[in-house]
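Geometric and topological summary
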Amino acid sequence: MTTSSDSDDERNRFDKARRNFLRGLGLGGAAAVAQPAWGGATFSDAFADFFQQQYKRMTPEEIDAALERIERKAERRYGAVINCDNTQAQPGVVFGYAINISRCKGYRDCVNACVEENNLGRDSQVQYIRVLQMNNGDANLEHSEHYYDPAEVPVEGKYYMPVQCMQCDDPPCVKACPVEATWMEPDGIVVVDYDWCIGCRYCMTACPYWARHFNWTEPEIPAEEMNPDTHYLGNRPRPKGVVEKCHFCIQRTRKGRQPACMEACPTGARIFGNLLDADSEIRYVLANKQVYRLKEDLGTEPKFWYFSD
Amino acid sequence: MSQSGDLIVSKKRACMPSVSLVPETSLTKTRRRTLAAGLLVLLLSANAQEGEEALPPLRFEGYPGAPDFDVVPRKDQLFLYPCGQCHESMESNAEIRTLDVMLHPELEHAEGRIWCLSCHGLENRNYLRTLLNEPVDFDQADLVCGGCHASRHRDWTFGAHGKRVANWQGERTLYSCAHCHNPHSPAIEPRAPRDAPPVRAGLELKRGVERKEVPVWERQEEDEQ
């Protein structure tokens with residue numbers, strides 16, 4: 001149903017976009033001349049970045065050097081002093097998550113906390129958590145709405161279901177990656193080596209949960225909002241053109257802290273803990289509540305449960 | 001206990017102000033009445049007795065195998081505590097009746113099945129009471145709530161309800177019931193959500209189009225009809 005005014009609009013928009021594009025070419029050319037060489041890095045850093053190995057193949061010395069380069073790069077790129085570490089998985093720990101959907105009220109405080117904690121670009125469209133607004137008595141995800149924005153939540157007749165990376169125990173994204181830039185850590189977190197990722201986005205198509213996100217733009221983060229506690233496999237500043245995902249706040253949880261989304265949740269709907277510890281809260285939930293997993297029939301074995309009570 | 005408790009409470013204020021949302025609104029309600037009755041309180045608090053001996057904390061071991069935990073204290077956040085500073089000098093009246101008293105919040109809990117002295121002690125004015133009429137400190141208020149809401153209390157003790165402070169590992173500190181639920185009006189009030197996520201590039205609404213198109217599944221239903 002295209003009216004003449006619609007097509008005029010389209011044409012105007014196209015003309016404007018073309019003008020902007022041409023102008024951008026000119027400006028880009030000027031900027032390329034004005035920018036320092038090596039993308040703002042020193043020659044030695046750019047050289048070392050180019051020959052950096054995959055995370056699991058690096059020696060401890062090479063990892064330390066890479067961490068220092070990441071810190072230097074963040075200072076040059078964002079003007080923020082960060083500390084990037086490489087805390088290893090604790091032995092005897094496998095993380096699991098549960099969400100009580102009868103507690104979730106759709107406030108999106110978790111999304112907000114996640115963006116701040118994980119240095120997600122403020123302008124980019126990457127958000128690790130999507131809170132789905134669902135119709136009562138309906139579990140069909142195609143009927144969900146995640147752009148909901150009423151004056152007050154919860155809305156009558158709706159319930160809310162946050163969706164993020166399920167940290168599958170048999171992750172299809174890992175199988176899809178052609179360069180082994182993503183893998184499952186011993187504590188069950190599926191991580192990405194952002195420096196090894198080639199940006200092919202096969203993992204995004206393999207993931208049935210819309211949990212992986214692609215950085216179409218260089219993430220923009222104001223220096224004062226940069227979270228300085230970062231992890232190599234977690235929330236360190238990512239380059240443009242790589243895939244990233246929820247990593248259960250690896251920089252926090254490996255040190256015993258709660259994930260940022262859980263700490264921010266005002267209703268206590270989120271429960272996180274060690275699946276191997278029989279006395280943990282998550283194990284109590286799994287043993288005593290009617291839990292289900294999203295798209296369980298796909299056999300990806302998510303370590304992420306939903307329940308209501 | 002009280003020193004570490006202060007630490008925890010201040011941490012809570014720093015990291016999650018939204019939890020105390022409900023109690024705060026009731027506070028503003030009471031604060032309005034405070035202006036009118038401020039002088040009365042000043043006069044009465046001068047008579048309040050000091051140095052009263054604290055009763056021993058109530059022991060509850062109803063859930064075998066429950067992991068240990070501390071509860072974030074809340075007494076220092078209570079506006080009118082200690083209750084005795086007024087009520088010690090007032091005649092006590094155990095007759096069940098409707099009260100509309102200055103300063104105190106209205107009771108919108110259990111739809112009229114309970115009244116003040118169902119939870120507050122008559123003999124020990126600075127304490128709450130269980131259904132067995134045992135005095136309970138205000139920092140152990142969960143034992144009062146658990147008297148009726150037993151399954152919730154059990155879930156809370158084991159970690160399936162309520163919130164744990166800061167960590168998943170190590171020392172376990174829980175927010176008490178009243179940190180999130182106003183005991184006098186326990187339903188959580190609706191509030192505005194945070195910003196909606198940005199619409200993905202290429203999926204924006206056309207200019208001049210206010211409403212989203214009818215979703216596919218609704219269109220299909222129309223077609224079938």
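The structure under discussion appears in the preceding block.
This report concerns the structure included in the present document. These numbers come from a predicted model, not from an experiment. (Residues numbered from 1 in each chain as written. Chains lettered and ligands numbered in written order. Predicted model: local features only at pLDDT ≥ 70, side-chain atom pairs only at ≥ 80, totals over all residues.)

**Focus on the overall build of chain A**
Stated formally: Going along the chain from the N terminus, every DSSP run of H or I of four or more residues is numbered as a helix, and every run of E of two or more is numbered as a strand. Buried, partly exposed and exposed are defined by the number of other C-beta atoms within 10 Å of a residue's own C-beta, namely 20 or more, between the two limits, and 12 or fewer respectively, with C-beta atoms placed from the backbone.
On a plain count of helices and strands, chain A comes out with nine helices and 12 strands. Taking all 309 residues of chain A together, the buried fraction comes to 39%.

**Observations concerning the environment of Cys197 of chain A**
Residue and element names in this part refer to chain A. Note the cut-off: Placing a C-beta atom from the backbone of each residue, one calls two residues in contact when those atoms lie within 7 Å.
On the secondary structure map, Cys197 appears in the loop between strand S6 (190-192) and helix H6 (202-206). Overall, Cys197 belongs to the buried group, with 22 C-beta atoms counted inside 10 Å. The spacing of Cys197 and Ile250 is 53 residues in sequence and 19 Å in space, taken between C-alpha atoms. Setting aside residues up to four positions removed in sequence, Cys197 forms contacts with Ala181, Val192, Val242 and Val243.

**Quick look at unusual backbone geometry**
The omega torsion of the bond from Val153 of chain A to Pro154 of chain A falls at -5°, within 30 degrees of zero and hence cis. With respect to the secondary-structure elements, Pro154 of chain A resides in the loop between strand S3 (130-135) and strand S4 (158-163). In this model, Tyr81 of chain B is joined to Pro82 of chain B through a cis peptide bond whose omega is -5°. Tracing the sequence through the fold places Pro82 of chain B in the loop between strand S1 (70-71) and helix H3 (84-87). Although it is not a glycine, Leu103 of chain B adopts a positive phi angle of roughly 75°. In this fold, Leu103 of chain B is placed in the loop between H3 and helix H4 (116-119). Classification of Leu103 of chain B by C-beta neighbours within 10 Å gives partly exposed; the count is 16.

**Considerations on the pairing of strand S12 (residues 304-307) of chain A**
All names here are of chain A. Selection criterion: A pair of strands is labelled paired if DSSP reports no fewer than 2 bridges between them.
Taking every second residue as pointing to the same face, both faces of S12 are buried, with Phe304 and Tyr306 on one and Trp305 and Phe307 on the other. Bridge count for strand S11 (residues 291-292) against S12 is two bridges, and the pairing is antiparallel. Within the sheet, the bridge partner assigned to Tyr292 lies in S12 and is Tyr306.

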